[in-house]
Amino acid sequence: MRIVMKFGGTSVGSGENIRHVGDLVTQYSKKHKVAVVVSALAGVTNSLIETGCQAQKSDQVQIESFTSSLLKRHIDATVSAINSKSIQKEVIEITEKSVAELEKVLTGICYVGELTPKSKNYVMSFGERLSAPIVCGAIKDHKTQSLFFTGKEAGIVTDSNFGEATPLMNYTSHLLRERLDPVMEQGIVPVVTGFTAANQDGIVTTVGRGGSDYTATILGVALQADEVWIWTDVDGIMTTDPKLVPAARMLPQLSYQEAAEMAIFGAKAMHPRALGPVNIENIPVRIRNTHNPKNSGTLITKEPAENKTKPVKAVALIKDVAMVNVYGAAMVGAPGSYAKVFDVLGKNNINVMMVSSAVSEANISMVIKRNMLGRAVSNIEIALHERGGIISEVTTEDDVAAIAVMGAHMKGTLGVASKIFNIVAKKGINIRMIAQGSSELNISFVVKEKDGAAVVQAIHEEFNLDKP
Amino acid sequence: MRIILVGYGVVGKGVTTILSRRYTEKNKNFGFNPKVVAVADVDGAVINPQGLSPDKLEEIKQGGYPISADPEFGCPGIKALNVIKEVEAEVVVEITPVNIKTAEPAMSHIVQAFKTGKHVVTTNKGPLALAMPALTELAQYNNVYFRFSGTVGGGTPVLEFAKRCLAGDQILGIKGILNGTTNYILSEMSQNRISFQDALSTAQKLGYAEREPSMDIDGFDTACKTVILANWILGQKVTLKDVERTGIREVSLQDLDRASKLGNTIKLVGAIDDKNKPVVKPVEISKTNPLCVSGVLNAVTFQCEFAAEQTIVGRGAGGIETAGAVLRDLLDIRHKLAAKLLT
């Protein structure tokens, strides 16, 4: 088999973990052709962004202390990940060079006092540029041949949308095949920096949402892999948060669509954007645990072979959200009035997570992140609630939680919604808002936050989610 | 329209000749005012922003000198890539020799042209055979036109026929005799009852086959053209590697005789449909099939949903014929650009 393996930030969080990654890759590369994608060491990307922002404020002292601690962290990781002194030396040399370059870049930002999207992307790319050589060294330390590439060197070419770049998939496939195929055919494991790429002029870009997972699926498609494995620190995608329901079970199989719905499970699942390339080419993705490689994880495919009589597969509790309701008789029958509301929110960088509105058109209910509530209300009022505006009243509830019930076989199955709402009613809990798209993959509703956990537990139990 | 010619071989000369021939007529009928502002080849380039005279280029080449030897505008040693990057022009015409291993240098030339916002016309099959999905994507991303009608059928408008004349119809499959050399050899073998080797020697003597004939007789050339048809007409994403390919070396006189008794003959056919990978191999076809052309002719049959079978026949190679295809592409680009600039 040809496998693209991605190791996330926690999988390469310490020297010890990186050594373990080297061991895992070596084991699999004996039987399979393996290409590796790595994230930055846990926490490094965020610290790079922070320092970049500080450099913009011309804080030079900060740069020196940051780069020296960054260098130390990577050298420490190298020393504990790699036994061979000569490989250690090689990796440390590369690390020192990269950190010296980073220091120059940060100093430049400091002088100019400006962090453009371009330079920010460049700074961010150093996280992976520093982690990849160590992982490559750790693989070599296990007597497996390996070479490391930046996304740019490997041939990932994107548009110039810095921070949220999209690959030119055909051109990228062409270059990746040309550069990595011969390497893999010789039994060498290529290690590619996740998250980072370059535009056609060679300027560093980052792929944004989806991150290194996205890089892995791009590689999977380009190299015509049989599977893409996302190594992380959990066994797979669960039926719900095990902290809420101890009986929560790992899901052995999911469809791409279901997996995309489960993005709200956070880092444990994959961003829908990352699933885009593999979905088109029908390449299976497996979520696996680096600390429990015996477990085969969650397999994401086009049509999972599983129990089709089970309509509900998972339930999630989404906390830290708030509900905004806007009312206005002027909205009724007026084309474009909803657009105005969402436009105001979009322009203020507020993401709308859930929407519901009745056919009467007199009000819209929305769920947003709780910390955005003040900004949302204020801006809607300023823009649309003045005299002559379309909104006559804005109300909010900030003590709510959203619950999402998911499963591909909910589609066309009668009575799922009634069953869900019956359970909630039996618990004496009031539902504040409901949304179900016509895809029928997901029913979402809002309850008071204090009732959230109880609702999730009840649904998990009612639909027997703890059993296969 | 300002044009950079990259490569100055048989087709290159054909292009300059055609552009200067009946110039007034072109200007009047098509509003087409072509100016070759640079010609680049392996030795260097000749550059004149006012436009170069085809006669003078011809004269230097005739004298056995590289075109960069021009005393007035010659730039010996300058790289084609730099010419593409730095000389101001609307279109790059890429006509360097075909390379189906790496597609270079044409691949880099085309990518460089795209990056600098220049439209590209090429007759070079190499880059298309190896990276067609990548190149069409890159052209689209850079908002430039990419035309290559000379790559299939030489002067015969095979690609336009399918793309334009059959627009709206669904093309279900394509079968083609796409290589004049092999078709000449097979025709000679069956009509004059001579062996493959003898037919090949005759073809080489007449200049139809190269001294190193593998590109033709092992089916690589047909495979390249099949890839182009598969991508451009059927929207598949395939490259040369995906083609199942058999050449004509193993075709014997006995095979041809046996076919002849059944009213058939053997032709090297490139075939594509929407289910299978492209296939290039010698196949038996009926002598009454419109696809069954002899000599150096090419023929392509499109199997359509509504129009049923449509076959186009014509000469598949030749410097001036292929240069004619370049002119068509240039006019098409001019037309599209005008529409764009006026909206």
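A quick note: this is a predicted structure, and the numbers were derived from the prediction, not measured. (Residues numbered from 1 in each chain as written. Chains lettered and ligands numbered in written order. Predicted model: local features only at pLDDT ≥ 70, side-chain atom pairs only at ≥ 80, totals over all residues.)

Regarding the overall build of chain B
Alright, step 1. Within chain B, the regular secondary structure consists of 13 helices and 13 strands.
Alright, step 2. Over its C-alpha atoms chain B spans a radius of gyration of 21 Å, differing by no more than 12% from the 20 Å that the globule rule assigns to 343 residues.
Alright, step 3. With respect to the three principal axes, the spread of C-alpha positions in chain B is 65 × 45 × 40 Å.
Alright, step 4. Residue burial in chain B is summarised as follows: out of 343 residues, 48% are buried. (Helix = DSSP H or I, 4+ residues; strand = E, 2+ residues; numbered from the N terminus. Rg over C-alpha atoms; globule rule 2.2 N^0.38 Å. Buried ≥ 20, exposed ≤ 12 C-beta atoms within 10 Å, placed from the backbone.)

Quick look at the overall build of chain A
Alright, step 1. Along its length, chain A carries 15 helices and 17 strands.
Alright, step 2. Its C-alpha atoms give chain A a radius of gyration of 24 Å, within 12% of the compact-globule value 23 Å for 468 residues.
Alright, step 3. C-alpha extents for chain A along the principal axes are approximately 70 × 55 × 40 Å.
Alright, step 4. Sorting the 468 residues of chain A into buried and exposed places 47% on the buried side.
Alright, step 5. Contacts spanning at least 24 positions in sequence make up 77% of the contacts within chain A whose residues lie at least 6 apart. (Contact = placed C-beta atoms within 7 Å.)

As for the pairing of strand 15 (residues 393-406) of chain A
Residue and element names in this part refer to chain A.
Alright, step 1. As defined by bridge partners, strand 12 (residues 314-327) adjoins strand 15 across 11 bridges and the pair is classed as antiparallel. Across the sheet, the residue bridging to Val-326 is Val-394, located in strand 15.
Alright, step 2. Bridge count for strand 15 against strand 17 (residues 442-448) is seven bridges, and the pairing is antiparallel. Looking at strand 17, one finds that Val-400 is bridged to Lys-448. (Pairing = 2+ DSSP bridges.)

Describing the nonpolar core
Alright, step 1. Within the largest apolar cluster, 236 residues are counted, with the highest numbers of intra-cluster contacts made by Val-36, Val-135 and Ile-403 of chain A together with Ile-4, Val-39 and Val-93 of chain B.
Alright, step 2. Here this core takes 10 residues from strand 12 of chain A, the largest share from any one element. (Core = buried A, V, L, I, M, F, W, Y, C linked by C-beta atoms within 7 Å.)

Section: helix 11 (residues 272-281) of chain A
All names here are of chain A.
Alright, step 1. The set of residues buried in helix 11 consists of Ala-274, Leu-275, Pro-277, Val-278 and Asn-279.
Alright, step 2. Elements that come into contact with the buried residues of helix 11 comprise helix 8 (169-185), helix 9 (211-222), strand 8 (227-232), helix 10 (256-261) and strand 10 (285-289).
Alright, step 3. Where helix 11 terminates, the next one or two residues include Asn-282, which has phi positive at roughly 60°.

A word on the sheet that holds strand 8 of chain A
Residues and elements named next belong to chain A.
Alright, step 1. Within the open sheet, the eight strands sit side by side as 3-5-2-1-8-10-11-9. Their pairing is mixed. Strands at the two margins of the open sheet, each flanked by one partner only, are strand 3 (146-149) and strand 9 (253-255). Across this sheet, the average inter-strand angle for adjacent strands is 20°, counted without regard to direction.
Alright, step 2. Looking at chain direction, strand 1 (residues 2-7) and strand 8 are connected through five bridges and run parallel. Of the residues in strand 8, the one forming a bridge with Val-4 is Val-228. (Axes fitted to C-alpha atoms, helices over the stretch in contact; angles between N-to-C directions.)

Description of the environment of Gly-9 of chain A
Residue and element names in this part refer to chain A.
Alright, step 1. Note on placement: Gly-9 falls in the loop between strand 1 and helix 1 (15-31).
Alright, step 2. Judged by the 24 C-beta atoms lying within 10 Å of it, Gly-9 falls in the buried class.
Alright, step 3. For the pair Gly-9 and Gly-155, spaced 146 residues apart in sequence, the C-alpha to C-alpha distance is 23 Å.
Alright, step 4. Excluding residues within four positions of it along the chain, Gly-9 makes contact with Ser-39, Ala-40, Leu-41 and Ala-42.

Describing the packing of helix 9 of chain A against helix 11 of chain A
All names here are of chain A.
Alright, step 1. Running from N to C, helix 9 and helix 11 point in directions that differ by 15°, and their axes come no closer than 7 Å. The orientation of helix 9 with respect to helix 11, classified from their angle, is roughly parallel. The handedness of the crossing between helix 9 and helix 11 comes out as left-handed. Each of Asp-213, Tyr-214, Thr-217, Ile-218, Gly-220 and Val-221 in helix 9 lies in contact with helix 11, whose residues at this interface are Arg-273, Ala-274, Leu-275, Pro-277, Val-278 and Glu-281.
Alright, step 2. Residue composition of the contact of helix 9 with helix 11, grouped by class: seven nonpolar, two polar and three charged. (Parallel < 35°, antiparallel > 145°, perpendicular 65-115°, else oblique. Left-handed = near helix turned anticlockwise from the far one by under 90°. Nonpolar A, V, L, I, M, F, W, Y, C, P; charged D, E, K, R; others polar.)

Quick notes on the domain arrangement of chain A
Alright, step 1. Taken domain by domain, chain A holds domain 1 (2-232) and domain 2 (314-462).
Alright, step 2. If you average the C-alpha positions of domain 1 of chain A and of domain 2 of chain A, the two centres end up 39 Å apart. (Domains from an automatic or database assignment.)

Some points on the sheet that holds strand 12 (residues 297-304) of chain B
Residue and element names in this part refer to chain B.
Alright, step 1. Read from one edge of the open sheet, six strands run 9-11-10-8-12-13, paired in mixed fashion. With partners counted over all chains shown, the strands left at the sheet margins are strand 9 (244-245) and strand 13 (309-315), one partner each.
Alright, step 2. With seven bridges joining them, strand 12 and strand 13 adopt antiparallel strand pairing. Within strand 13, the residue paired with Gln-303 across the bridge is Glu-309.
Alright, step 3. Of the strands in this sheet, strand 8 (171-177), strand 10 (264-273) and strand 12 touch helix 8 (residues 180-192), which is tilted by about 155° from strand 10.
Alright, step 4. Of the strands in this sheet, strand 8, strand 9, strand 10 and strand 11 (279-286) are in contact with helix 11 (residues 220-232), which crosses strand 10 at around 40°.

Comments concerning the packing of helix 6 (residues 125-141) of chain B against helix 11 of chain B
Residue and element names in this part refer to chain B.
Alright, step 1. Between helix 6 and helix 11, the least distance of the axes is 9 Å, while the angle of their chain directions is 45°. Between helix 6 and helix 11, the crossing angle belongs to the class labelled oblique. Here helix 6 runs over helix 11; the crossing is left-handed. Mapping the contact onto sequence places Lys-125, Leu-128, Ala-129, Met-132 and Pro-133 in helix 6 and Cys-224, Lys-225, Val-227, Ile-228 and Asn-231 in helix 11.
Alright, step 2. Looking at side-chain class alone, the contact of helix 6 with helix 11 contains seven nonpolar, one polar and two charged residues.

Here's the deal with the environment of His-291 of chain A
All names here are of chain A.
Alright, step 1. Along the chain, His-291 falls in the loop between strand 10 and strand 11 (298-301).
Alright, step 2. For His-291, a count of 15 C-beta atoms within 10 Å gives the class partly exposed.
Alright, step 3. In this structure the C-alpha to C-alpha distance between His-291 and Gly-220, which are 71 residues apart in sequence, comes to 23 Å.

Describing the pairing of strand 11 of chain A
Alright, step 1. Pairing between strand 9 of chain A and strand 11 of chain A: three bridges, direction parallel. Within strand 11 of chain A, the residue paired with Ser-255 of chain A across the bridge is Thr-301 of chain A.

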